[in-house]
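# Coordinate inspection notes
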Amino acid sequence: MFHYGGKYDDCKSVYEKFIKTSKSKSAAKGWAEALYAGSVRKSGNPEEAAYLFSKVFASNPERRVQAYKNYYYTSSPLMGVLKYAKNNTDKTNIWAINGFGNVDADVESLEKVYHYNPKSLLNGSLLVREVNKLEKNLIENSDIAKIGYNYYFSDYGNGGKYKDSIRNLNLKHLNQIKDFSIKMAAEKKYPQPALGTLTAAYLLWMENKDAMALNYLSTLNADKLPERLHDQYRIIDLLIKSKNIKKGNPFNENDLLPALKWLDEKRFEENKEQPKNQNYSYDWIGNGNSRFTITTRNFYQQILAPAYLKMGDTAKAALAMVKGDLKYKTVTDNSLFKNMSYQTTSFWQKYLSPKSMQNLANLKNTAPSNNVTSLLSKALNQLKNDDFYELYGTTYL
């Protein structure tokens, strides 16, 4: 109340006398420390206040966002805040906050945090932040994977030299982050060193060095990784295979089976609460909770279906389109067309002939097996036979 009343000296006095020496780790103590830091700032010492906010940032997750904002409200220079640091933990927190707040490439903050506390989870967060910057600067986000090296880089400016200089700066940043990732993985000081290996593989994919990326992935056992790292492993593996397929290179479809089964698990899980409210005016507008659903659709419909079509297998291409649309493990209305997006309906109308429908019927009636063909056929078998054979007859007409 002293703080909110503008009596900052009284606020500091109460904190120093009754709270500072308490060994409690309660949320109340963290709140009190944040108020004390605010009073220190109002009393004319913004650098010390920033230091105190960095301590709240580290110790109290429930106040972390506000402490982060308050740190920057002090407008304190990094070196001015660091002079109050009492140990490596303090330095770790201060460098981390500055790294999170830097929108430009920032290898220094990452290396400093790792130097002072290689076991801190802040290392992983900062590493991902730097990768996000590279994604923004180097990858066009309109497709799941690009075909050639030149497609990865945004068109900066109109002048060739300016464009090349920006590209080179971003590639330099990429290689610095890649080197850091490899070091993190090799030294095994960070609690999840596999994050370093996965990051290196992902950055190599961004560089269009797919063979090297696969080599890094091959050093990991995907099934033994924590869930989030396992998910990242699968995504990187899919990105590499997607690019290979889009280039028109030969591929073994059954090599995709583990990844496709994993995609099913992930999208069905994120949609498991929705089956009772399925809306069959088919809507593909995604949100932050449907990223695996959208990734699955993109892979089947933008990568696999065109590949099958190019191979002359229209039936499998049609199956891939349907498989990409099935968001739910249990379909409440198994109408064929109510479970198709506009894109799939258009594909079927354009490409399906009596011959391709016959091939679809053959695939539909194939005995279940542990392969991609069976996975695709199962999707069609979830939907009404009557609808399918009515369409079959219509193609003859």
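Residues numbered from 1 in each chain as written. Predicted model: local features only at pLDDT ≥ 70, side-chain atom pairs only at ≥ 80, totals over all residues. Heavy atoms only, no water.

## What to know about the overall build of the chain
For the record, the criterion: To qualify as a helix, a DSSP run of H or I must reach at least 4 residues; to qualify as a strand, a run of E must reach at least 2; elements of each kind are numbered from the N terminus. Only C-alpha atoms enter the radius of gyration; for comparison, a globular chain is expected to reach 2.2 Å times N to the power 0.38, where N is the number of residues. Here, residues are in contact when the closest pair of their heavy atoms is within 4.5 Å. Note on areas: Shrake-Rupley with a 1.4 Å probe; residue coverage comes only from the protein chains shown. Neither His nor the chain termini are counted; the positive set is Lys and Arg, and the negative set is Asp and Glu. Charge positions come from single atoms, namely NZ of Lys, CZ of Arg, CG of Asp or CD of Glu.
Along the chain, the regular secondary structure elements total 19 helices and 0 strands. Here the C-alpha atoms of the chain give a radius of gyration of 27 Å, more than 25% beyond the 21 Å that 2.2 N^0.38 yields for 397 residues. Counting only C-alpha atoms and orienting by the principal axes, one finds that the chain spans roughly 90 × 50 × 45 Å. In the chain, of all internal contacts separated by at least 6 residues, the share reaching a separation of at least 24 is 65%. Of the accessible surface of the chain, which amounts to about 20,900 Å², a share of 50% is contributed by carbon and sulfur atoms. Counting 56 positive and 40 negative side-chain charges, the chain places the averaged centre of each group 3 Å from the other.

## Examining helix H2 (residues 27–42)
Counting along an α-helix, one turn takes 3.6 residues, and residues three or four places apart therefore face a common direction. To keep things clear, this is the line we draw: Each helix should span, by expectation, one fewer than its residue count multiplied by 1.5 Å. Relative accessible area decides the class of each residue, using a 1.4 Å probe on protein chains only: under 20% of the type maximum gives buried, over 50% gives exposed, and in between gives partly exposed.
An ideal rise of 1.5 Å per residue puts 22 Å on 16 residues; H2 measures up with 23 Å between its terminal C-alpha atoms. Taken residue by residue, H2 has Lys29, Gly30, Ala32, Glu33, Ala34, Leu35, Tyr36, Ala37, Gly38, Ser39 and Val40 as its buried positions. Residues of H2 that are buried make contact with helix H1 (8–19) and helix H3 (46–59). Count one or two residues on from H2 and you reach Gly44, which has phi positive near 105°.

## Overview of the pattern of salt bridges
Convention followed: Any carboxyl oxygen of Asp or Glu that lies within 4 Å of a side-chain nitrogen of Lys or Arg is treated as forming a salt bridge with it.
Across all of its chains, the model carries 16 salt bridges by this definition. Where Asp210 meets Lys243, a salt bridge forms, and the shortest distance between an N and an O atom there is 2.8 Å. Here the residue Asp210 occupies a position in helix H11 (residues 210–218), and Lys243 occupies one in helix H12 (residues 227–246), the gap between them amounting to 33 residues. Looking at Asp210, the relative accessible area reads 15%, which means it is buried. Residue Asp264 is joined to Lys323 by a salt bridge in which the shortest nitrogen-to-oxygen separation is 2.7 Å. Taken together, the residues Asp264 in helix H13 (residues 257–270) and Lys323 in helix H15 (residues 314–325) connect sequence positions 59 residues apart. Residue Asp264 is classed as buried on the basis of its relative accessible area, which comes to 9%. The exposure class assigned to Lys323 is buried, which follows from its relative accessible area of 5%. Salt bridges here are not isolated pairs; linked through shared partners, they connect Lys178, Glu207 and Lys209.

## Regarding the side chain of Glu47
Inclusion rule: In protein, a polar contact requires one atom able to donate a hydrogen and another able to accept it; more generally it is a pair of N or O atoms within 3.5 Å, and residues adjacent in sequence count only if both atoms are side-chain atoms.
Position of Glu47 among the secondary structure elements: in helix H3. A polar contact is formed between the side chain of Glu47 and the side chain of Lys83, at a distance of 3.0 Å. Apart from residues lying up to four places away in sequence, Glu47 is in contact with Ser76, Pro77, Gly80, Val81, Lys83 and Tyr84.

## Structural notes on the environment of Asp264
As a C-alpha pair, Asp264 and Arg129 span 135 residues in sequence and 28 Å in three-dimensional space. Beyond its immediate sequence surroundings of up to four residues, Asp264 is in contact with Lys323 and Leu375.

## Let's talk about the packing of helix H17 (residues 354–364) against helix H19 (residues 385–396)
Heads up, the condition is: Where helices are involved, their axes are fitted lines through C-alpha atoms of the stretch in contact, as for all axes, and angles between N-to-C directions lie from 0 to 180°. With respect to orientation, any angle under 35 degrees is reported as roughly parallel, any angle over 145 as roughly antiparallel, any angle of 65 to 115 as roughly perpendicular, and every other angle as oblique. Left-handed describes a crossing whose near helix is turned anticlockwise from the far helix through less than a right angle; right-handed describes the clockwise counterpart.
Where H17 meets H19, the closest approach of the two axes is 9 Å, and the angle between their N-to-C directions is 155°. In this view, H17 runs roughly antiparallel relative to H19, as classed from their interaxial angle. Crossing geometry of H17 relative to H19 is assigned as left-handed. Every residue of H19 that contacts H17 at Pro354, Met357, Gln358, Leu360, Ala361 and Lys364 is listed here: Asn385, Phe388, Leu391, Tyr392, Thr395 and Tyr396.

## Some words on the confidence of the model for the chain
Heads up, the rule is: One number per residue, pLDDT, summarises how confident the predictor is, and it ranges from 0 to 100.
Per-chain confidence: the chain averages 88 in pLDDT, with 90% of residues scoring 70 or above. A low-confidence stretch, residues 144–158 stays under pLDDT 50, and its non-local contacts, those more than four residues away or across chains, total 49 contacts.

## Things to note about the environment of Asp333
Mapping Asp333 onto the fold places it in the loop between H15 and helix H16 (342–351). For the pair Asp333 and Glu265, spaced 68 residues apart in sequence, the C-alpha separation works out to 21 Å.

## Brief notes about unusual backbone geometry
In the Ramachandran plot, Ser75 falls in the positive-phi region, its phi being about 55° despite a non-glycine side chain. By secondary structure assignment, the location of Ser75 is in the loop between helix H4 (64–73) and helix H5 (78–82). Of note, Asn208 is a non-glycine position whose phi angle comes to about 70°, a positive value. The exposure class of Asn208 is partly exposed, given its relative accessible area of 22%.

## Focus: the nonpolar core
Inclusion rule: The term nonpolar core refers to a set of buried residues drawn from Ala, Val, Leu, Ile, Met, Phe, Trp, Tyr and Cys, joined through side-chain atoms within 4.5 Å.
Residues Ile94, Ile177, Tyr202 and Met206 are the most contacted members of the largest nonpolar core, which totals 59 residues. Among the elements that make up this core, the one with the highest residue count is helix H10 (residues 194–206) (9 residues). When sequence neighbours within four positions are dropped, the list of residues in contact with Tyr202 reads Val131, Glu135, Ile139, Ile236 and Leu239. In this structure, Ile245, Ile303, Val322 and Phe388 belong to the second largest nonpolar core, which totals 42 residues.

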